[in-house]
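Listed below are the residues making up each chain.
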Amino acid sequence: MDKVLETSEKISSMEIRGAGRIATAAAASLRDFSKAMQTESLEDFNLQMEKAADILLKTRPTAVSLSNAIRMVMKYRTEDLPSARLAVVLNANRFIENSEKALERIGQIGSRRIRDGDTVLTHCNSLAAISVISTAHKSGKKIKVIATESRPRFQGITTIGMLDKLGIETELIVDSAVRSVMNEVDLVVVGADVITANGTLVNKIGTAQIALCAHEARTSFMVAAETYKFSPRTILGELVTIEEREAKEVLPDISKYSHVRVRNPAFDVTPHQYIDLISTEVGAIPPEMSYMIIRERLGWEMEEDISD
Ligand code: RUB
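Throughout, residues of each chain are indexed from 1 in the direction in which the sequence is written. Per-residue local features of the predicted model are confined to residues with pLDDT of at least 70, and side-chain atom pairs are confined, for both listing and counting, to 80 or more; whole-chain, interface and lining totals are unaffected and use all residues. Based on all heavy atoms of the structure, the side-chain values leave hydrogens and waters out of the count.

Engineer: How would you summarise the environment of E169 if you had to cite specific residues and measurements?
Structural biologist: Here a helix means four or more residues in a row that DSSP labels H or I, a strand means two or more in a row labelled E, and each is numbered from the N terminus. Tracing the chain through its elements places E169 in strand β3 (residues 169–173). Judged by relative accessible area, E169 falls into the partly exposed class, the value being 43%. Spatially, the C-alpha atoms of E169 and H137 are 9.9 Å apart, while their sequence positions differ by 32 residues. The criterion used for residue contact is that any of the two residues' heavy atoms lie within 4.5 Å. Not counting residues up to four positions away in its chain, the partners in contact with E169 are K142, I143, K144 and V145. We call two N or O atoms a polar contact when they sit within 3.5 Å, provided that within protein one can donate a hydrogen and the other can accept it, with sequence-adjacent residues counted only if both atoms are side-chain atoms. One polar contact links E169 to K142, side chain to side chain, over a distance of 3.5 Å. Type-normalised accessible area, obtained with a 1.4 Å probe on protein chains alone, sets the label of each residue: buried when under 20%, exposed when over 50%, and partly exposed for intermediate values.

Encoded structure:
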């Protein structure tokens, strides 16, 4: 279990972060745990796998990618230990492979919306959004990217590093400069932590303000997301939990204040009315079609939840 705890710690502390990356890290961790587990009994194997899944699930509360990935890996009911072990390994490998393919396809589909000469604004650090941007760049379109810092964890610095390596002309702005530059922006592209049944987006704090700005300036707003970022449980009425992180991420020394409380929500909610399209691996869809994606791609999970 040590390695599972190690991965969990890396996810909680955000050494591994981003909805897609935490999902694949959790899948790989369950796979490796199942391979290394010393046991002779299927019952014990099942118990230990459930325990490991539970530890990983509790690391971060918002991204549905984590629970979708864990559920996909844990769908292995079999009669004997060797086939149970094998099923976990195959499920995890399939999930990881599919998520890599999905990123590529999202890039191909989403990049069609970027024209030669466009300026694209992105927020936080999303591999799906970067796939859209980098595919446009690789296809020969001359583009410029404006990246926000994304306080308090500065994921924007990771983004500019990635874009720089790709040779993409990039400008870094503070989060509050978004409105000042929005009139120069042709398209906003962001990733997703959760997309609900009605097409609402949950993503890095600040996304909703950017969407509002884009809407007011008539700038297109695209979400780049694998289908495992859609939340089946929202069909059943479940609300998304917004992670509230430690105060010290915002203000390192709060002890000198007596009447101040720091609030540090990590994600916010963007209504579907502000989203022009969602680029997924199965196509560019309007947010209103999210329900269909959940039914078609993640339907099995819903049935399971209903019988819970
Ligand atoms: C990351 C974040 C990203 C999404 C999508 O938040 O909000 O936009 O997770 O990323 P944090 P990706 O840094 O708190 O994990 O497309 O890479 O899955």
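Engineer: Can you lay out the nonpolar core for me, pointing to particular residues and giving the numbers?
Structural biologist: L30, F45, M49, I70 and Y76 are the most contacted members of the largest nonpolar core, which totals 32 residues. Elements that contribute at least two residues to this core include exactly α1 (2–12), α2 (19–36), α3 (42–57), α4 (64–73) and α5 (81–111). Residues contacting F45, with those up to four places away along its chain left out, are S34, M37, T39, Y76, L81, A84, R85 and V88. By nonpolar core is meant a set of buried Ala, Val, Leu, Ile, Met, Phe, Trp, Tyr and Cys residues that side-chain atoms within 4.5 Å join together. Core analysis: the second largest hydrophobic core is formed by 29 residues, A177, M182, I210 and V223 among them.

Engineer: Could you give an account of the site of the ligand, with specific residues and numbers?
Structural biologist: In the region of the ligand, 19 residues are neighbours, and R17, G20, R60, S126 and K204 sit closest. Here an oxygen atom of the ligand sits 2.7 Å away from a polar atom, N or O, in the side chain of N203. At 2.7 Å, a side-chain N or O of K204 approaches an oxygen atom of the ligand. Considered on its own, the ligand offers 460 Å² of accessible surface; in the complex 100% of this is hidden by protein. Contributing elements (two or more residues each) for the shell around the ligand: α2, α6 (127–138) and β6 (201–204). It is α2 that contributes the most residues to the shell around the ligand, three residues altogether. In the scheme used here, Gly and all other residues not listed as nonpolar or charged are polar, with Ala, Val, Leu, Ile, Met, Phe, Trp, Tyr, Cys and Pro taken as nonpolar and Asp, Glu, Lys and Arg as charged. Its residues assigned to classes, the shell around the ligand shows seven nonpolar, six polar and six charged. Summarising the domain contributions, the shell around the ligand has at least three residues from each of domain 1 (2–102) and domain 2 (106–307). Nearness is defined per residue: one heavy atom within 4 Å of the molecule or strand is enough. Only the protein chains shown count as cover for residues, with accessible areas throughout obtained via the Shrake-Rupley method and a probe of 1.4 Å. An automatic or database domain assignment provides the domain bounds reported here.

Engineer: Explain the packing of aromatic side chains to me, using residue names and the numbers behind them.
Structural biologist: Ring geometry is summarised as follows: Phe, Tyr and Trp rings, the Trp one being its six-membered ring, pair when their centres sit within 6.5 Å, and such pairs are stacked at plane angles under 30 degrees, edge-to-face over 60 and tilted between the two. Enumeration over the complete set of coordinates arrives at two aromatic pairs. Between F45 and Y76 the ring centres are 5.8 Å apart and the planes differ by 80°, which places this aromatic pair in the edge-to-face class. Of the two residues, F45 is situated in helix α3 and Y76 in the loop between α4 and α5; the sequence distance between them amounts to 31 residues. Across the pair, exposure class does not vary: F45 and Y76 are buried alike. Ring geometry for F95 versus Y228: centroids 4.8 Å apart, planes at 55°, classification tilted. With F95 in helix α5 and Y228 in the loop between β7 (220–224) and β8 (267–270), this residue pair connects regions lying 133 residues apart in the sequence. The exposure class of Y228 is buried, given its relative accessible area of 6%. Both a distance and an angle decide whether a charge sits over a ring: NZ of Lys or CZ of Arg must be within 6 Å of the ring centre and within 35 degrees of the ring normal. Positioned over the ring face of F267 is K204, at 4.3 Å from the centre of the ring.

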